[in-house]
Amino acid sequence: MKIKDKRVYWVWLSLVCGAASRKAVKLVRHFGTAEKVFAAKAEDILKSGAVKEKDRIYHALMKHDINEAQSIVGWCDEKGVDVIVPSDKKYPANCLSLRDAPMVLYVVGSLPEFDKQCCVAVVGTRKMSAYGRSQAFRFGYGLAKGGAVVVSGLALGVDGASMASCIEAGGKTVGVLGCGIDTVYPKEHKDLFRAVIKNGAIVTEYAPGAGPTRDSFPKRNRLISALSLGTVVVEADAFSGALITARHSIFQGKDVFAVPGNVECEGSEGTNQLIKEGAFTVTSPADVLDRYEYVYPHSVSVVNAKRSLREVDSDTASEEVCRKFDVRCEADRYSIYASSLKPLKPREEAEDVELMEGKASDIPKLEPAPKSAKKKRAKAFEDLPDEPVRIDFDMLSDVDKKVYNAMRPHSPMIPDEIKVDGLRIQDVLASLTLLEISGAVEAGSGGYFVRCGSDDISFEDEDAAVPVE
């Protein structure tokens, strides 16, 4: 039976292949659309080179089970959740350039026109200090007053503070989740979720019902950078997840801005290191907007950004904004005092959210979510360059495999960061070249490489190892 709603096929493909799947992109580039992938015969799927007969994804494709996808699309329509697919004109063009482009974006609220508006990511540590809170306010507030859209991850700390400050300034903001649209995560930011929906949008590539996982956040971070012209890192220690977003920005050829911090403060190690590595040093939102004002002369104003911050005390205002929107940092989870904020309310670990239509909340309630349950085309996947159809394990030595296994999945790294006992940097570079040719890693801007799969390469049975998703 042919289904009229083409979105169902895209949702089906996203469920089969999972988030950030290069295999899904390869399939669509080969066949043209998700519907054609669904209709393809087994031999044609194998000839595409995207999957092998022993792959889990191949067997899931061959089941042709469309029921869950239909359920999800129906549920989203009922709850007011937009299901945006690559054939929609609302699909962000920047995402199409990703080799692990999302097959579906679930959206609540109103997305900006990313190709016509100045969108800037503001990210930072969950362990936000008073200095970080003040700077998050300055950049979120000043960028909004200067005409930019603030993109972030709704996380504890700097992300939440910058988004709340943007809303306080009357600006638009976009929050990108690492879980399904039906789950408020972190749970402490329920009030902020409501405010973001009223003043922008919440977006995710994860289907309703999908919970947050350790692997989902690095994948989420690539979308934060993809939706933005550049990324501002406000405060970050040496191991902060915000640095992953910065790396994705470099990998994608985007700008990276870093706010300098106290050289004796652990929470500033990451931002100060970015500056050492060549990131733009910024001390005010005007420094960021100055780079984009000439591109958006009718919407971006450096003068407005400067003027707005002269009218407020950022230390006091940042505390008031965080209290108003109930923005928390990681320390609040372990403090019974939370001295600068109102007392914590006991809540469930993962809260469902209430329906938008005529009720107090502006967040759609997913009750329960489906279980893992003509429009203008932006640009066709098949118009994009071809890429390797499979990993050639035969050309990889044990050393190459060790280099691959030493890389963090889905997180861009420079060769100096890839540590393998006994290997010199020139050996690592030689292995990276072979890994790129084989299709196991991808090279991006700024000398960064990204490992394309979550699973390590097996030494015992090379043919059984299928690391690329």
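Residues numbered from 1 in each chain as written. Predicted model: local features only at pLDDT ≥ 70, side-chain atom pairs only at ≥ 80, totals over all residues. Heavy atoms only, no water.

### Brief notes about the nonpolar core
At step 1: In this structure, L13, Y106 and V232 are the most contacted members of the largest nonpolar core, which totals 119 residues.
At step 2: Tallying contributions element by element places helix α1 (residues 7-17) first for this core, with eight residues.
At step 3: Among residues more than four places away in sequence, those in contact with L13 are G18, A24, L27, V28, A34, V37, L61 and M103. (Core = buried A, V, L, I, M, F, W, Y, C linked by side-chain atoms within 4.5 Å. Buried < 20%, exposed > 50% of the residue type's maximum accessible area, 1.4 Å probe, protein only. Helix = DSSP H or I, 4+ residues; strand = E, 2+ residues; numbered from the N terminus. Contact = heavy atoms within 4.5 Å.)

### A word on helix α2 (residues 22-31)
At step 1: In terms of residue burial, α2 counts as a mostly covered element, since nine of its 10 residues are buried.
At step 2: Those residues of α2 that sit buried are R22, K23, A24, V25, K26, L27, V28, R29 and F31.
At step 3: Contacts made by the buried residues of α2 are with α1, α3 (34-39), α4 (42-47), α5 (56-63) and β10 (441-443).
At step 4: Just downstream of α2 lies G32, where phi reads positive at about 105°.

### Section: the packing of aromatic side chains
At step 1: Evaluation of the coordinates by the stated rule reveals six aromatic pairs.
At step 2: For the ring pair W12 and F38, a centre distance of 4.9 Å and an interplane angle of 85° mean the geometry is edge-to-face. Of this pair, W12 sits in helix α1 while F38 sits in helix α3, and the two are 26 residues apart along the sequence.
At step 3: Assessed through its relative accessible area of 17%, F38 is described here as buried.
At step 4: Pairwise contacts between aromatic rings join Y9, W12 and F38 into one cluster.
At step 5: The positively charged end of R126 is found above the aromatic ring belonging to F217, 5.9 Å away from the centroid. (Phe/Tyr/Trp six-rings, centres within 6.5 Å; stacked < 30°, edge-to-face > 60°. Lys NZ or Arg CZ within 6 Å of the ring centre and 35° of its normal.)

### Here's the deal with the pattern of salt bridges
At step 1: According to the stated counting rule, one finds 20 salt bridges in the structure shown.
At step 2: The shortest N-O distance in the salt bridge between R7 and D5 comes to 2.7 Å.
At step 3: The exposure class of R7 is buried, given its relative accessible area of 18%.
At step 4: A salt bridge links K79 to E78, with the nearest nitrogen and oxygen atoms 3.7 Å apart.
At step 5: On the basis of relative accessibility, which here comes to 4%, the residue K79 falls in the buried class.
At step 6: Within this structure, D5, R7 and D77 form a network of salt bridges that share partners. (Salt bridge = Lys/Arg side-chain N within 4 Å of Asp/Glu carboxyl O.)

### Re the layout of surface pockets
One simple way to see leftover space: roll a probe sized like a water molecule over the atoms.
At step 1: Within this model, the largest pocket holds a volume of roughly 950 Å³.
At step 2: If you trace the largest pocket, you find 34 residues lining it, with R126, F239, S240, G241 and I244 closest to the centre.
At step 3: Elements with a minimum of two residues in the lining of the largest pocket: α11 (216-226) and α12 (242-251).
At step 4: When the residues that make up the lining of the largest pocket are grouped by side-chain class, the tally is 15 nonpolar, seven polar and 12 charged. (1 Å grid on protein atoms, 1.4 Å probe; cavity = no way out; pocket = protein on both sides within 12 Å on 5 of 7 lines; lining within 4 Å. Points joined across faces, edges and corners; volume = space filled by probe spheres on them. Nonpolar A, V, L, I, M, F, W, Y, C, P; charged D, E, K, R; others polar.)

### Structural notes on the side chain of S318
At step 1: As for its placement among the helices and strands, S318 is situated in helix α16 (residues 314-324).
At step 2: Within the structure, the side chain of S318 is placed 2.9 Å from the backbone oxygen of D315, a separation counted as a polar contact.
At step 3: Other than its neighbours up to four places away in sequence, S318 contacts R133, S134 and F137. (Polar contact = N/O pair within 3.5 Å; in protein donor to acceptor, adjacent residues only side chain to side chain.)

### Considering the sheet that holds strand β8 (residues 255-258)
At step 1: As summarised here, the arrangement of the nine strands in space is β1-β2-β6-β5-β4-β3-β7-β8-β9, forming an open sheet in which the pairing is mixed. For this open sheet the edge positions go to β1 (82-84) and β9 (280-281), each flanked by a neighbour on one side alone.
At step 2: In this sheet, strand β5 (residues 173-176) lies alongside strand β4 (residues 149-152) in parallel orientation, the contact comprising three bridges. Bridging from a neighbouring strand, S152 pairs with G175 of β5.
At step 3: Contacting β2 (105-109), β5 and β6 (200-204), helix α10 (residues 190-198) crosses the sheet at an angle of about 110° to β6. (Pairing = 2+ DSSP bridges. Axes fitted to C-alpha atoms, helices over the stretch in contact; angles between N-to-C directions.)

### What about the pairing of β2?
At step 1: Within β2, four of the five residues are buried, which leaves it mostly tucked inside the rest of the structure.
At step 2: Across three bridges, the pairing between β1 and β2 is antiparallel. Note that in β2 the partner of V83 across the bridge is Y106.

### Regarding the state of the cysteines
When the sulfur atoms of two cysteines share a covalent bond, that bond is a disulfide.
At step 1: Counted according to the given criterion, the structure contains zero disulfides.
At step 2: There is no disulfide at C329, and the cysteine sulfur nearest it, in C322, is 8.4 Å away. (Disulfide = S-S within 2.5 Å.)

### A closer look at the environment of D400
At step 1: Considering the arrangement of structural elements, one finds D400 in helix α17 (residues 398-405).
At step 2: By relative accessible area, D400 is classed as buried at 3%.
At step 3: Sequence separation of D400 and I457 is 57 residues, and the distance between their C-alpha atoms is 9.9 Å.
At step 4: Discounting residues that sit within four places of it in the chain, D400 has contacts with M395, S431, L434 and L435.

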